[in-house]
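Descriptive analysis of the structure
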Amino acid sequence: MTRWEAYEYCNAMGRKLAQPRNQAENTFYGAYGRDFYRRILDVNIVGNKTNKQFVEKQIKDTKFWIGISDDELEGFWQYDDGSPVSDQFSAWAVAQPDNGGNGLGAKPENCGVIELREYNWNDVECEEKLHFFCA
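What you see as residue numbers is a count from 1 along each chain, following the sequence as written. The predicted origin of the model limits local features to residues at a pLDDT of at least 70 and limits the giving and counting of side-chain atom pairs to 80 or more, whereas totals for whole chains, interfaces and linings rest on all residues. Side-chain metrics rest on all non-hydrogen atoms present in the structure, leaving aside hydrogens and water.

1. Describing the overall build of the protein chain
The number of helices and strands found in the protein chain is three helices and five strands. Relative accessibility thresholds used throughout: buried, under 20% of the residue-type maximum; exposed, over 50%; partly exposed, between the two (1.4 Å probe, protein chains only). Burial status across the protein chain gives 38% buried among its 135 residues. Taking as baseline every contact in the protein chain between residues at least 6 positions apart, the subset at least 24 positions apart corresponds to 67%. A 1.4 Å probe and the Shrake-Rupley method give the accessible areas. Residues count as covered only by the protein chains that appear here. When the accessible surface of the protein chain is summed, it comes to about 7,800 Å², and 50% of that surface belongs to carbon and sulfur atoms. Starting at the N terminus, helices and strands are each numbered in turn, a helix being any DSSP run of H or I of at least four residues and a strand any DSSP run of E of at least two. The contact criterion used throughout is that any non-hydrogen atoms of two residues lie within 4.5 Å.

2. Comments concerning the packing of aromatic side chains
Here a pair means two rings of Phe, Tyr or Trp (six-membered ring of Trp) with centres within 6.5 Å. Their orientation is stacked below 30 degrees between planes, edge-to-face above 60, and tilted elsewhere. Summed over all chains, the structure comprises eleven aromatic pairs. With a centroid separation of 6.2 Å and an interplanar angle of 75°, the aromatic rings of F36 and F64 are classed as edge-to-face. Pair noted here: F36 is in helix α2 (residues 23-42) and F64 is in strand β1 (residues 63-69), with a separation of 28 residues, a long-range link. With centroids separated by 4.6 Å and ring planes inclined at 10°, the aromatic side chains of F64 and F133 adopt a geometry described as stacked. Of this pair, F64 sits in strand β1 while F133 sits in the segment after β5 (131-132), placing them 69 residues apart in sequence. Classification of F64 as buried rests on a relative accessible area of 1%. Put simply, the rings of F28, Y29, Y32, F36, F64 and F133 pair up and form one aromatic cluster. Above the plane of the ring of W4 lies R3, whose end atom (NZ or CZ) is 4.2 Å from the centre. Looking at R21, its charged tip hangs above the ring of Y79, at a distance of 3.9 Å from the centre. When the NZ atom of lysine or the CZ atom of arginine is within 6 Å of a ring's centre and also within 35 degrees of its normal, the charge is said to sit over that ring.

Structure (structure tokens):
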């Protein structure tokens, strides 16, 4: 789902997108995402080392939506409840957020994800179709 579809889905269930506010929560969501994705990919893979390496690479390249964005004001990252990320815990990857590098023709990257490689955050286009956590 897109970021806003995921947001609405969680809200309809009386939940919200995961909003990691400290290292323990961030690690929990990252580890949960890895385990979830590993189970999906492992369904048809038994004992093949090449395929297991492929699975691990796929897992590390996977992103999940989290409840942060700078959609209201560029550069001002906030949780979905309106509290600023800058006053809370953050786990931005090196040189992130970068709004797509602000390159010519680049689409804005206003929505936050947790990357399963090292549980770092990144900004991406809100229209990407990704997995998500409702908390």
